[in-house]
Amino acid sequence: MNSNETAVREVLGQLYEAWADGDADAFADLYVEDATVVMPGVFHQGRTAVRDFMAAAFAGPLKGSRGLDEPQSIRVDGDTAVIVSKAGIIMAGEQDLPAERERVATWVLSRRDGRWLVSAYANAPAA
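Let me sum up the structure you'll find in this document.

Calculation criteria
- Chains are numbered independently. Their residues run from 1 in the order of the written sequence.
- The predicted nature of this model means local features are confined to residues of pLDDT at least 70 and side-chain atom pairs, given and counted, to a pLDDT of 80 or more, with totals for whole chains, interfaces and linings taken over all residues.
- With hydrogens and water stripped out, all remaining heavy atoms of the structure feed into the side-chain values.
- Only strands that DSSP links by at least two bridges are regarded as paired with each other.
- Secondary structure elements are taken from DSSP: a helix is a run of H or I of four residues or more, a strand is a run of E of two residues or more, and numbering for both begins at the N terminus.
- What qualifies as a polar contact is a pair of N or O atoms within 3.5 Å, subject to a donor-acceptor requirement within protein and to the restriction that residues adjacent in sequence count only when both atoms come from side chains.
- Throughout this description, the term nonpolar core refers to a set of buried Ala, Val, Leu, Ile, Met, Phe, Trp, Tyr and Cys residues connected via side-chain atoms within 4.5 Å.
- Any residue under 20% of the maximum accessible area for its type is buried, any over 50% is exposed, and the rest in between are partly exposed; the area is computed with a 1.4 Å probe on protein chains only.
- The contact criterion used is simple: two residues touch if any of their non-hydrogen atoms lie within 4.5 Å.

This paragraph deals with the pairing of strand 3 (residues 66–77). Inspection of the sheet shows strand 3 paired to strand 4 (residues 80–90) by eleven bridges, in the antiparallel sense. Following the sheet pairing, Asp69 is matched in strand 4 by Ala87. What sits between strand 3 and strand 4 in their antiparallel hairpin is a turn of two residues, with Gly78 showing a positive phi close to 65°.

Below, the structure is given as structure tokens:
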């Protein structure tokens, strides 16, 4: 594993640490200002929109949950990284991810001022 791949994996780790802490500010700080998030029925544009969405989720339906993200492929080309992962949300009180909530996610990270940040995120049901 090269240093860029390690750095990209660390960003995902930081995202899920922020998730575990229910910290929408720390979560959103890992996104570029004009980031996009696309999920079934959802489109968010901008770091503020990501922060607001996650703050509401952490206070409500995602309280006590944890995110799961297992990279299946990481490609780094210059200052851009593309990660395809198996992903999902393990809700409070659950031990495992139910198959019906399994997702395939695509992350696009950009290196800006020496720091890797999320530029775009999208997911779709795995099945």
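Resuming the write-up.
Glancing now at the side chain of Asn123. In this structure, Asn123 sits in strand 6 (residues 115–125). Polar contacts involving the side chain of Asn123 include one to the side chain of Tyr121, which spans 3.0 Å.

Another point: the nonpolar core. Ranked by size, the top nonpolar core spans 32 residues in total, and within it Leu15, Tyr31, Trp107 and Leu109 carry the most contacts. Among the secondary structure elements, those contributing two or more residues to this core are helix 1 (3–20), helix 2 (24–28), strand 1 (31–39), helix 3 (47–59), strand 4, strand 5 (103–112) and strand 6. Considering every element that reaches this core, the biggest residue donor is helix 1, with seven residues. With sequence-adjacent residues up to four places away left out, Leu15 is seen in contact with Phe27, Leu30, Tyr31, Trp107 and Val118.

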